[in-house]
Amino acid sequence: MDTILNARFSRHKDELSWLFMELYDDRAALETLMQRMKQAFAERSADLRALDARRESEPDWYRKGNMLGVTMYTELFAGNLRGLLDKLPYLQEQGITYLHLMPLLKMPHPHNDAGYAVEDFTTVDPSLGSNADLCALTAALRQAGISLCLDVVMN
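Residues numbered from 1 in each chain as written. Predicted model: local features only at pLDDT ≥ 70, side-chain atom pairs only at ≥ 80, totals over all residues. Heavy atoms only, no water.

1. Notes on helix 7 (residues 131-143)
Logical step 1: For helix 7, with 13 residues, the first-to-last C-alpha span of 18 Å sits near the 18 Å given by 1.5 Å per residue.
Logical step 2: Of the surrounding secondary structure, the elements contacted by the buried residues of helix 7 are helix 5 (81-86), helix 6 (88-93), strand 2 (98-101), strand 4 (120-124) and strand 5 (147-150).
Logical step 3: After helix 7 finishes, the residue Gly145 shows a positive phi value of roughly 80°. (Helix = DSSP H or I, 4+ residues; strand = E, 2+ residues; numbered from the N terminus. Expected span 1.5 Å × (residues − 1). Contact = heavy atoms within 4.5 Å.)

Below, the structure written as structure tokens:
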């Protein structure tokens, strides 16, 4: 396991364990979660690891006075994820530092509770684009210095 991940686990493992066990009381599930976290960390791209390091060195990065976010439904602002990518210069012009997209995961149509009735938590709704479109948007946002926040409700 990477030394960075070891350091994170040593700082947060007790709290994670306590909270998880308090909620679920399932030691095997906690071990599975921690293995998945290790795997996800190992697969994390170099640019995300660099972003992690910057944010860890400045833990209150998100509290800075220059943070300016916007929340939106993709389809109402830009039609779809590719359209949103086309509007990136406008978002930069406005000084946006984080973009909070309302639900965009695959949902049953037409009865989807404004996107909160999710059908598949691993797939972008085809009416908004594809997982590849979301990856391209995320990379472009990161390059532009804009953090992406996705709205997911577990129901």
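Now, onward.
2. Some points on the pattern of salt bridges
Logical step 1: Applying the stated rule across the entire model yields nine salt bridges.
Logical step 2: Taking the shortest distance from any N to any O, the salt bridge between Arg11 and Glu56 comes out at 2.9 Å. With Arg11 in helix 1 (residues 3-24) and Glu56 in helix 3 (residues 46-57), this pair connects stretches of sequence that are 45 residues apart.
Logical step 3: The class of Glu56 is partly exposed, set by a relative accessible area of 36%. (Salt bridge = Lys/Arg side-chain N within 4 Å of Asp/Glu carboxyl O. Buried < 20%, exposed > 50% of the residue type's maximum accessible area, 1.4 Å probe, protein only.)

3. Some details on the nonpolar core
Logical step 1: In terms of nonpolar packing, the biggest core is built from 18 residues, with Leu81, Leu84, Leu91, Leu99, Leu101, Leu104 and Ile146 touching the most fellow members.
Logical step 2: Listing elements by their share of this core, those giving two or more residues are helix 5, helix 6, strand 2 and helix 7.
Logical step 3: Per-element accounting of this core gives the leading share, three residues, to helix 7.
Logical step 4: If we ignore the near neighbours within four places in the chain, the residues touching Leu104 are Thr74, Leu81, Thr123, Val124, Asp125, Leu128, Leu134 and Leu150.
Logical step 5: In this structure, Phe9, Met21, Leu30 and Met34 belong to the second largest nonpolar core, which totals seven residues. (Core = buried A, V, L, I, M, F, W, Y, C linked by side-chain atoms within 4.5 Å.)

4. Some points on the layout of surface pockets
Logical step 1: Taken as a whole, the largest pocket holds about 440 Å³ of empty space.
Logical step 2: Around the largest pocket, the lining comprises 17 residues; the ones closest to its centre are Leu51, Arg55, Trp61, Gly145 and Ser147.
Logical step 3: Those elements that place two or more of their residues in the lining of the largest pocket are helix 3, helix 7 and strand 5.
Logical step 4: For the lining of the largest pocket, the leading source of residues is helix 3, giving four residues.
Logical step 5: Looking at the lining of the largest pocket residue by residue, the class counts come to seven nonpolar, five polar and five charged.
Logical step 6: For the second largest pocket, the calculated volume is near 240 Å³.
Logical step 7: Elements supplying a minimum of two residues to the lining of the second largest pocket: helix 1 and helix 2 (27-42).
Logical step 8: Top element by residues in the lining of the second largest pocket is helix 1. It accounts for six residues.
Logical step 9: Classifying every residue of the lining of the second largest pocket by side-chain character gives six nonpolar, one polar and four charged. (1 Å grid on protein atoms, 1.4 Å probe; cavity = no way out; pocket = protein on both sides within 12 Å on 5 of 7 lines; lining within 4 Å. Points joined across faces, edges and corners; volume = space filled by probe spheres on them. Nonpolar A, V, L, I, M, F, W, Y, C, P; charged D, E, K, R; others polar.)

5. Observations concerning empty space enclosed by the protein
Logical step 1: Applying the stated criterion to the full structure yields one cavity of 30 Å³ or more.
Logical step 2: Approximately 30 Å³ is the volume found for the largest cavity.
Logical step 3: Around the largest cavity sit Pro103, Leu104, Leu105, Gly115, Val118, Phe121, Asp151, Val152 and Val153, which together line it.
Logical step 4: Residues that form the lining of the largest cavity fall into these classes: seven nonpolar, one polar and one charged.

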